[in-house]
Amino acid sequence: MKKLRNWLLGSVVLLMATLVGAVDQAGDKTADQVVLETSKGNIVIQLAPEVAPITVNNFVQYVTSGFYDGLVFHRVIDDFMIQGGGFTPDMAQKTTRAAIRNESQLDERHTNQRGSIAMARTAVVDSATSQFFINLRDNDFLDGHQGKPGYAVFGQVIEGMDVVDAIAKVKTGRSGGHSDVPLDPVVINKAYIATSQPAQAGAS
């Protein structure tokens, strides 16, 4: 009987430890954070897979493959948005994977408000690939309304809005047939999931 009681007690302790570990893992939101190391500073984005799972998965695949490393913010319009994720500093467009389904939807937590990140696309609703933009102000007109598709929001800047604002102030012009291009390229040096950041030298 004593052995049975000890075994049951051990099983309960193990189960509780497993449950606590599962809760800790579920609560670790850094797994849903992406860092954009830019030539103007770092931008940290909290992704929202519960709202736009297809879009987040697409973005994360581009991030983890190194696709964004070395690309630029190629379209910058002050008091509107900054757009990147498609062009090299010499304005050569990078080849992407297939387009994804538009997940734009009305959600009071995830609209095209200041600091939100959304997918760029053409007039074709399901045409988003790798390009994204960060809203500099509340751009409600970009949300879906009454069945009309908008631009899919899939996250929010949680650190580095000062960097976003600094990018918004750079001088722009025409380059490679495009307008609103920063005259001094704003480069995404590296993009990565927050939990995959290499350990700093000398860090304990």
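Coordinates for the structure precede this section.
In this text the structure is predicted, and so the values were computed from the model without any measurement. (Residues numbered from 1 in each chain as written. Predicted model: local features only at pLDDT ≥ 70, side-chain atom pairs only at ≥ 80, totals over all residues. Heavy atoms only, no water.)

1. Here's the deal with the pattern of salt bridges
Part 1 of the reasoning: Enumeration over the complete set of coordinates arrives at four salt bridges.
Part 2 of the reasoning: Where aspartate 79 meets arginine 137, a salt bridge forms, and the shortest distance between an N and an O atom there is 3.9 Å. Here arginine 137 lies in the loop between β6 (132-135) and β7 (153-159) and aspartate 79 lies in the loop between β3 (71-77) and β4 (81-84), a separation of 58 residues in the sequence.
Part 3 of the reasoning: Since its relative accessible area comes to 32%, arginine 137 is described here as partly exposed.
Part 4 of the reasoning: Of the charged contacts in the structure, one is a salt bridge between aspartate 165 and arginine 114, with a shortest N-O distance of 2.8 Å. Of this pair, aspartate 165 sits in helix α3 (residues 161-168) while arginine 114 sits in the loop between β4 and β5 (116-119), and the two are 51 residues apart along the sequence.
Part 5 of the reasoning: For aspartate 165, a relative accessible area of 27% corresponds to the partly exposed category.
Part 6 of the reasoning: Among the residues examined, arginine 114 registers a relative accessible area of 36% and is labelled partly exposed. (Salt bridge = Lys/Arg side-chain N within 4 Å of Asp/Glu carboxyl O. Helix = DSSP H or I, 4+ residues; strand = E, 2+ residues; numbered from the N terminus. Buried < 20%, exposed > 50% of the residue type's maximum accessible area, 1.4 Å probe, protein only.)

2. Structural notes on the pairing of β3
Part 1 of the reasoning: Along β3, five of the seven residues are buried, which leaves the element largely enclosed by surrounding structure.
Part 2 of the reasoning: As paired strands, β3 and strand β10 (residues 187-193) are joined by two bridges and run antiparallel to one another. Its bridge partner lying in β10, valine 72 is registered against valine 187.
Part 3 of the reasoning: With antiparallel pairing between neighbouring strands as the criterion, β3 and β4 make up a hairpin whose turn holds three residues, including aspartate 79 at a positive phi of roughly 65°. (Pairing = 2+ DSSP bridges.)

3. What about the sheet that holds β3?
Part 1 of the reasoning: Taken in spatial order, the eight strands line up as β1-β2-β7-β5-β6-β4-β3-β10 and close into a barrel, and their pairing is antiparallel. Taking the axes of each pair of neighbouring strands and ignoring which way they run, one obtains an average angle of 35° across the sheet.
Part 2 of the reasoning: In this sheet, β6 lies alongside β4 in antiparallel orientation, the contact comprising four bridges. Opposite isoleucine 82, over in β6, you have isoleucine 134 as the bridge partner.
Part 3 of the reasoning: In this fold helix α2 (residues 53-64) packs onto β1 (33-38), β2 (41-47), β5, β6, β7 and β10, with an angle of close to 115° to the strand it touches most, β10. (Axes fitted to C-alpha atoms, helices over the stretch in contact; angles between N-to-C directions. Contact = heavy atoms within 4.5 Å.)

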